[in-house]
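Letter by letter, the chains look like this.
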Amino acid sequence: GRERHSAFSPLVCGMSGFKKVEYGQWIGNVNVDSKDAARIEVENPTDHSILGTVPAGCAADADAALKLAKEAQQQWAKKPAVQRAAVLKQMATIIRANRLELIDTLAREQAKILPLATVEIDVTADYYDYYAGLARSYEGEILQSDNPGEHIYVHRAPIGVSVGICPWNFPFFVMARKIAPALLAGCTVVLKSSELTPLTAFRFAALMTEAIKAGDLALDPGVVAVLTGRGATLGEALCVSKVPGIISMTGSVATGQAIMRNAAANMTKVSLELGGKAPAIVMADCDIDKAVDAIVASRVIFSGQVCNCVERCYVQAPIFDEFAAKLTDKIKASVVGTPFDTPAPAFCGLVSKEQLDKVSGMVDRAKAEGAKVLCGGHAVEGPGYKYAPTVLTGAKQDSEVVQKEVFGPVLPVLPFDTFDEALTLANDCEYGLASSLFTNDYRLIERARTELLFGETYINRFHFEAIQGFHAGWRKSGVGGADGKHGLMEYLSTKVVYVQQ
């Protein structure tokens, strides 16, 4: 039978011992039935078993959560920032105390290797602690007035209720991205987890309920809600509402555009982290082996389903053949397995059949257009949605596989002659999230800093951001951003007060 909340085996049980779970929506610090009886089955992408069911969601669920969030927001904002920060520290403590079952759940619902699931859970706890540490550091200003006896104060005020919409690829970490800065700023949060990967978020919500009852979490009802459901129903209801002061979403360009359209009627602020097509530029003077290691790690991580990791590689002509050979050997050596394999594989399968079909279709069309497959280029037989790690050469700059996000373990490699040419090729894209350069020439590094038109640029290193940085895309990769002190500012409005004595 199905159990609510706590039906999770210890991590050591591996693929066995997991009991099916059933969740409602988490509103008012408790699990409640959705207003719509329809349910969504959550699949284990590794073996196609059903891990549990969650609500399909509806507008009434959105309205209930938003109403309570609006009612709770002013009292939450009146608390000193250090008291709000104390709640974030308590959330970090809950995560660390239950990390093994959270890791286990995350690995199962995503087909994510245990080392990466472990990193996601542990960094998420650190993320809550990081934002708690900013409680005393964000400031206002006092400006000089042109009028005698007048003072001008610039305040940072919470923007109100925040709607956070999470993706399926890093659901637990991005949940913290939506919650931690918003709560510290004095906002309340209604969070929508992806219906593909909602179980870790709901398990954390259940753990918060237990901590509240035990007196270990001082979270007032309405300050956080955790919902799930389909974007066309629940998601749209959250975005067309007049209640939110901000809608923060991580996901696809198409979804971001739909959110902007829905938010426009109420002029609701949006913060959108969307797709990417990150270029890596490899110069002839670089350390080739280190560049290969970094680029492979940045391509196969979570089966290539990471928005800021390398999606296309430009290699200077004198080293193209050597680099392509070493890259292919390294990629071919990347083992595809299951989350609980020992030793851990490089990556597992894709999250869904839809994702597998998308990746397969893009590679097939690239081959039909003349691209050469150096390795991979096909799905892997057996259970799960596995696709063999793939290196392509001969693809054209204007081809789909070079211009559009694959979101799978596929890497097209193209040659160039000069650094100016490489910059032109790298910037020739509708996305602008991340980029990288491998070189020992400091002059080129300085040029890349200003001439690569992306929100993030990595020099001689693996593509992955720091929590104290600012994760933000340009062009169709989004507006606004997350992380660090700049991420906190997304949830604060500026208010100016003129005081005449």
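Residues numbered from 1 in each chain as written. Predicted model: local features only at pLDDT ≥ 70, side-chain atom pairs only at ≥ 80, totals over all residues. Heavy atoms only, no water.

### A look at the overall build of the chain
How we decide: The helix and strand labels rest on DSSP assignments: H or I over at least four residues marks a helix, E over at least two residues marks a strand, and numbering proceeds from the N terminus. Burial classification: accessible surface area is computed with a 1.4 Å probe over protein chains only, and a residue below 20% of its type maximum counts as buried, one above 50% as exposed, and the rest as partly exposed. The contact definition used throughout considers only heavy atoms, calling two residues in contact when any of these lie within 4.5 Å. All accessibility values rest on the Shrake-Rupley procedure with a 1.4 Å probe; residue burial counts only the protein chains present in the view.
Broken down by element type, the chain carries 15 helices and 24 strands. When the backbone C-alpha atoms are referred to their principal axes, the chain occupies close to 70 × 70 × 40 Å. When each of the 501 residues of the chain is scored for burial, the buried share is 58%. Pairs at least 24 apart in sequence give 73% of the contacts found in the chain among residues at least 6 apart. Per element, the accessible surface of the chain, about 19700 Å² overall, is 54% carbon and sulfur.

### Quick word on empty space enclosed by the protein
Where empty space is left in the structure can be found by rolling a water-sized probe over the atoms. To be explicit about the condition: Using a 1 Å grid laid over the protein atoms alone, points where a 1.4 Å probe fits but cannot get out form a cavity; open sets with protein on both sides within 12 Å along at least 5 of 7 lines form a pocket; any residue with an atom within 4 Å of a point counts as lining. Grid points are joined across faces, edges and corners, and a volume is the space filled by probe spheres set on the points. Ten residue types, Ala, Val, Leu, Ile, Met, Phe, Trp, Tyr, Cys and Pro, are classed as nonpolar, four, Asp, Glu, Lys and Arg, as charged, and the remainder, Gly among them, as polar.
Within this structure, the stated rule accounts for 3 cavities of 30 Å³ or more. Roughly 80 Å³ of internal volume is contained in the largest cavity. What lines the largest cavity is a set of 13 residues, and nearest its centre among them are Lys 178, Ser 248, Thr 250, Glu 273 and Ala 482. Secondary structure elements with two or more residues in the lining of the largest cavity: α5 (171–185), β12 (244–250) and β13 (269–273). Among the residues making up the lining of the largest cavity, the classes are represented as 4 nonpolar, 6 polar and 3 charged.

### Remarks on helix α10 (residues 320–332)
What counts here: One less than the number of residues in a helix, times 1.5 Å, gives the span that helix is expected to have. Throughout, the arc means the angular range of directions from the helix axis out to the C-beta atoms.
Taking 1.5 Å of rise per residue, 13 residues should cover 18 Å, and α10 covers 18 Å from first to last C-alpha, within 8% of that figure. Along α10, the residues classified as buried are Phe 320, Phe 323, Ala 324, Leu 327, Thr 328 and Ile 331. Axial view of α10: buried residues confined to an arc of 130°, hence all on one face. Among the exposed residues of α10, those oriented more than 90 degrees off its buried face are Asp 321, Asp 329 and Lys 332. Looking at the buried positions of α10, the neighbouring elements they touch are β14 (278–282), α9 (288–300), β15 (310–316), β16 (372–375), β17 (390–393) and β18 (410–416).

### Overview of the packing of aromatic side chains
Here is the rule we go by: Centre distance within 6.5 Å is the pairing criterion for rings of Phe, Tyr and Trp, where only the six-membered ring of Trp is used; planes under 30 degrees apart are then read as stacked, over 60 as edge-to-face, and the remainder as tilted.
Applying the stated rule across the entire model yields 10 aromatic pairs. Here Tyr 23 and Phe 202 contribute two aromatic rings whose centre-to-centre distance is 5.3 Å and whose plane-to-plane angle is 15°, an arrangement assigned as stacked. You can see Tyr 23 sitting in the loop between β2 (21–22) and β3 (25–27) and its partner Phe 202 sitting in helix α6 (residues 199–213), a full 179 residues away along the chain. Each member of the pair Tyr 23 and Phe 202 is classed as buried. A ring pair is formed by Tyr 127 and Tyr 131, whose centres lie 5.1 Å apart and whose planes are at 55°; its orientation type is tilted. On the criterion of helical spacing, the pair formed by Tyr 127 and Tyr 131 is a turn pair, its members being 4 residues apart in helix α4 (residues 114–132). The exposure classification of Tyr 127 matches that of Tyr 131, with both residues buried.

### Thoughts on the sheet that holds β16
Note the threshold: Pairing between strands requires that DSSP locate at least two bridges from one strand to the other. All axes here are fitted lines through C-alpha atoms, helices being fitted over the stretch that makes contact, and every angle between N-to-C directions spans 0 to 180 degrees.
Pairing in this open sheet of 7 strands is mixed, and the strands run β16-β17-β18-β15-β14-β20-β21 from one edge to the other. Each edge of the sheet is formed by a strand with only one pairing partner; in this case those strands are β16 and β21 (456–459). Across the sheet, the axes of successive neighbouring strands diverge by a mean angle of 25°, strand direction being ignored.

### Structural notes on the nonpolar core
Selection criterion: Throughout this description, the term nonpolar core refers to a set of buried Ala, Val, Leu, Ile, Met, Phe, Trp, Tyr and Cys residues connected via side-chain atoms within 4.5 Å.
Core analysis: the largest hydrophobic core is formed by 80 residues, its most contacted members being Met 91 and Tyr 128. When near neighbours in sequence (up to four residues on either side) are disregarded, Tyr 128 contacts Leu 88, Met 91, Ala 92, Ile 95, Met 175, Ala 176, Ile 179, Ala 180 and Phe 204. In this structure, Leu 350, Met 362, Leu 437 and Phe 454 belong to the second largest nonpolar core, which totals 31 residues.

### Remarks on the side chain of Ser 34
This is how it is decided: In protein, a polar contact means a hydrogen-donor-capable atom and an acceptor-capable atom, both N or O and within 3.5 Å, with residues adjacent in sequence counting only if both atoms are side-chain atoms; elsewhere, any N or O pair within 3.5 Å suffices.
Turning to its location among the elements, Ser 34 is positioned in the loop between β4 (30–32) and β5 (39–43). Polar contacts involving the side chain of Ser 34 include one to the main-chain amide nitrogen of Asp 36, which spans 3.0 Å. Residues within four places of Ser 34 in sequence aside, it is in contact with Gln 25, Pro 55, Gly 57, Cys 58 and Asp 61.

### Describing the pattern of salt bridges
Filter applied, for reference: Only one rule defines a salt bridge in this text: a Lys or Arg side-chain nitrogen within 4 Å of an Asp or Glu carboxyl oxygen.
Across all of its chains, the model carries 27 salt bridges by this definition. The residue Lys 112 makes a salt bridge to Glu 120 at a minimum N-O spacing of 2.5 Å. Overall, Glu 120 belongs to the buried group, its relative accessible area being 3%. Lys 330 is the salt-bridge partner of Asp 293, the closest N and O atoms lying 3.2 Å from each other. Pair noted here: Asp 293 is in helix α9 and Lys 330 is in helix α10, with a separation of 37 residues, a long-range link. Accessibility expressed as a relative area gives 37% for Lys 330, which makes it partly exposed. Connected through shared salt-bridge partners, Arg 96, Asp 126 and Asp 129 make up one network.

### A short note on the packing of helix α2 (residues 81–97) against α4
Basically, it comes down to this: Geometric relationships in this document are graded by angle, where less than 35 degrees denotes roughly parallel, more than 145 denotes roughly antiparallel, 65 to 115 denotes roughly perpendicular, and other angles denote oblique. Left-handed is the label given to a crossing in which the near helix is rotated counterclockwise from the far helix by less than a right angle, and right-handed is the label when the rotation is clockwise.
Two elements in contact, α2 and α4, have axes separated by 8 Å at closest approach and are oriented at 165°. Between α2 and α4, the angle falls in the class roughly antiparallel. Crossing geometry of α2 relative to α4 is assigned as left-handed. Mapping the contact onto sequence places Ala 85, Leu 88, Lys 89, Met 91, Ala 92, Ile 95 and Arg 96 in α2 and Ile 121, Thr 124, Ala 125, Asp 126, Tyr 128, Asp 129, Tyr 131 and Ala 132 in α4. Across the contact of α2 with α4, the residue classes break down as 10 nonpolar, 1 polar and 4 charged.

### Quick word on the pairing of strand β10 (residues 188–193)
Our working definition: Place the viewer so that the strands point away; then a crossover is right-handed whenever the path from the first strand over the helix to the second strand goes clockwise.
Of all 6 residues that make up β10, 6 are buried, and the element is covered over most of its length. With burial as the criterion, each face of β10 is covered, one bearing Thr 188, Val 190 and Lys 192 and the other bearing Val 189, Leu 191 and Ser 193. Where strand β9 (residues 161–165) lies against β10, 5 bridges are found, and the strand directions are parallel. Looking at β10, one finds that Ser 162 is bridged to Val 189. Crossover β9 to β10 through α5 is right-handed.

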